[in-house]
Amino acid sequence: MAVLDIVLYPDDPLTQVCEPVDNVDGEIATLVADMFETMDAYEGIGLAGPQVGVCKRVFVLRDPDSGKRISMINPELTEAEGSVTGEEGCLSLPQLYAPVVRAQKVRVRGLNVQGNEVDFVVEEWLVLYNTRRPHRGLGGRTPAAYAKMTRTGSPGYRRGGGT
């Protein structure tokens, strides 16, 4: 496994719509493992392919309560219900945070790293902080594209606080 470089906004491929993964193979499994390693190294809770320079529909996330890791390939978010607002950050936009409205509950469909279909419902923190944010990144949308950002902390990059 390797820690990958984080791409900073507005560099490509952050603003591009990502291509679907045609074949879930060893290359994709290595990418997913490297993305988990990178997410952990930067103290993130979610990471999308474009954030490490790969314009493929792949994201990883970690439940901060249970530590469970989830990878999604070619995800589709459906059946959104309710709404919650929370402050959001992004590893590709260090030190910038914004209040973002999210669905409180969504259904997620896609493939896991073994290439098997998965279909599950996520609620509350997982939707707010993880599933929706990396998924938006796969469509070329960063928080800067849909929210007024505020700078926090001191100048320069600081680890943590985003996806």
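Everything below is about the structure shown above.
The shown structure was predicted, so the numbers you read here are calculated from the model rather than taken from an experiment.

Rules of the game
Residues numbered from 1 in each chain as written. Predicted model: local features only at pLDDT ≥ 70, side-chain atom pairs only at ≥ 80, totals over all residues. Heavy atoms only, no water. Pairing = 2+ DSSP bridges. Helix = DSSP H or I, 4+ residues; strand = E, 2+ residues; numbered from the N terminus. Axes fitted to C-alpha atoms, helices over the stretch in contact; angles between N-to-C directions. Expected span 1.5 Å × (residues − 1). Buried < 20%, exposed > 50% of the residue type's maximum accessible area, 1.4 Å probe, protein only. Contact = heavy atoms within 4.5 Å. Polar contact = N/O pair within 3.5 Å; in protein donor to acceptor, adjacent residues only side chain to side chain.

A. Focus on the sheet that holds strand β1 (residues 46-48). An order of β1-β2-β3-β6-β7 is seen for the five strands of this open sheet, with the pairing classed as antiparallel. Edge positions in the open sheet fall to β1 and β7 (117-123), since each of these has one partner strand only. Pairwise comparison of adjacent strand axes, ignoring direction, gives a mean angle of 40° for this sheet. Here five bridges tie strand β3 (residues 69-81) to strand β6 (residues 105-111), and the two strands are oriented antiparallel to one another. Residue pairing for β6: L77 is matched across the bridge by V108.

B. Structural context of the environment of V100. For V100, the position within the fold is in strand β5 (residues 93-102). With twelve residues separating them along the chain, V100 and E88 place their C-alpha atoms 6.5 Å apart.

C. Structural context of helix α1 (residues 26-41). Taking 1.5 Å as the rise per residue, α1 with 16 residues should run 22 Å; its terminal C-alpha atoms sit 22 Å apart, in good agreement. Turning to α1, its buried residues are I28, L31, V32, D34, M35, F36, T38 and M39. Looking at the buried residues of α1, the elements they touch are β1, β2 (58-62) and β3. The N-cap residue of α1 is D25: its side-chain oxygen and the backbone nitrogen of E27 are 3.1 Å apart. At the C-terminal side of α1, E43 shows a positive phi close to 55°.

D. Main features of the pairing of β5. In terms of burial, β5 is a largely internal element, seven of the ten residues being buried. The antiparallel pairing of strand β4 (residues 84-90) with β5 creates a hairpin that spans two residues between the two strands.

E. Structural detail: the pairing of β2. Within β2, five of the five residues are buried, which leaves the element mostly enclosed by the surrounding structure. Across the two faces of β2 the burial is the same, with V58, V60 and R62 and F59 and L61 all buried. Inspection of the sheet shows β1 paired to β2 by three bridges, in the antiparallel sense. If you follow G46 over to β2, its bridge partner there is L61.

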